[in-house]
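A structural walkthrough
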Amino acid sequence: VKPDDRVGRIHFTNLPNKCTIRIYSLDGDLVREIEHDMPYNDPQSMHAEWDLITRNTQAAVSGIYYYVVESQKGTQIGKLVIIM
């Protein structure tokens with residue numbers, strides 16, 4: 001059984017089948033990097049998720065974060081808010 005603070009997820013959809021997702025704090029610190037590399041015909045090729053665990057294996061805290069999706073098709077930048 002997982003502790004309650006380790007069950008949340010952020011879902012990224014409409015992704016290229018190969019891309020890198022980087023999540024940054026508002027201060028610009030890298031929180032997590034996710035390598036998404038799926039076969040083009042895989043049903044999950046356009047979907048990735050973040051388990052809200054930082055690259056330091058700590059639970060993410062409430063706040064505003066930026067995400068950057070980079071692929072051969074270009075770069076997409078966005079914001080997300082976590083409220084615990």
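Presented here is a report on the structure given in the accompanying data block. (Residues numbered from 1 in each chain as written. Predicted model: local features only at pLDDT ≥ 70, side-chain atom pairs only at ≥ 80, totals over all residues. Heavy atoms only, no water.)

Topologically, Thr54 is positioned in the loop between strand E4 (47-50) and strand E5 (63-71). What makes Thr54 buried here is its relative accessible area of 14%. Setting aside its immediate chain neighbours within four residues, Thr54 contacts Val31, Arg32, Ala59 and Ala60. (Helix = DSSP H or I, 4+ residues; strand = E, 2+ residues; numbered from the N terminus. Buried < 20%, exposed > 50% of the residue type's maximum accessible area, 1.4 Å probe, protein only. Contact = heavy atoms within 4.5 Å.)

We now examine the sheet that holds strand E6 (residues 74-82). Strand-to-strand pairing in sheets goes through backbone hydrogen bonds, with the strands running parallel or antiparallel. Across the sheet, four strands lie side by side as E3-E2-E5-E6; this open sheet has antiparallel pairing. The open sheet has two edge strands with one neighbour each: strand E3 (30-37) and E6. When strand polarity is set aside, the average angle formed by the axes of neighbouring strands in this sheet is 20°. With six bridges joining them, strand E2 (residues 18-25) and E5 adopt antiparallel strand pairing. Bridge pairing in E5 places Thr20 opposite Glu70. (Pairing = 2+ DSSP bridges. Axes fitted to C-alpha atoms, helices over the stretch in contact; angles between N-to-C directions.)

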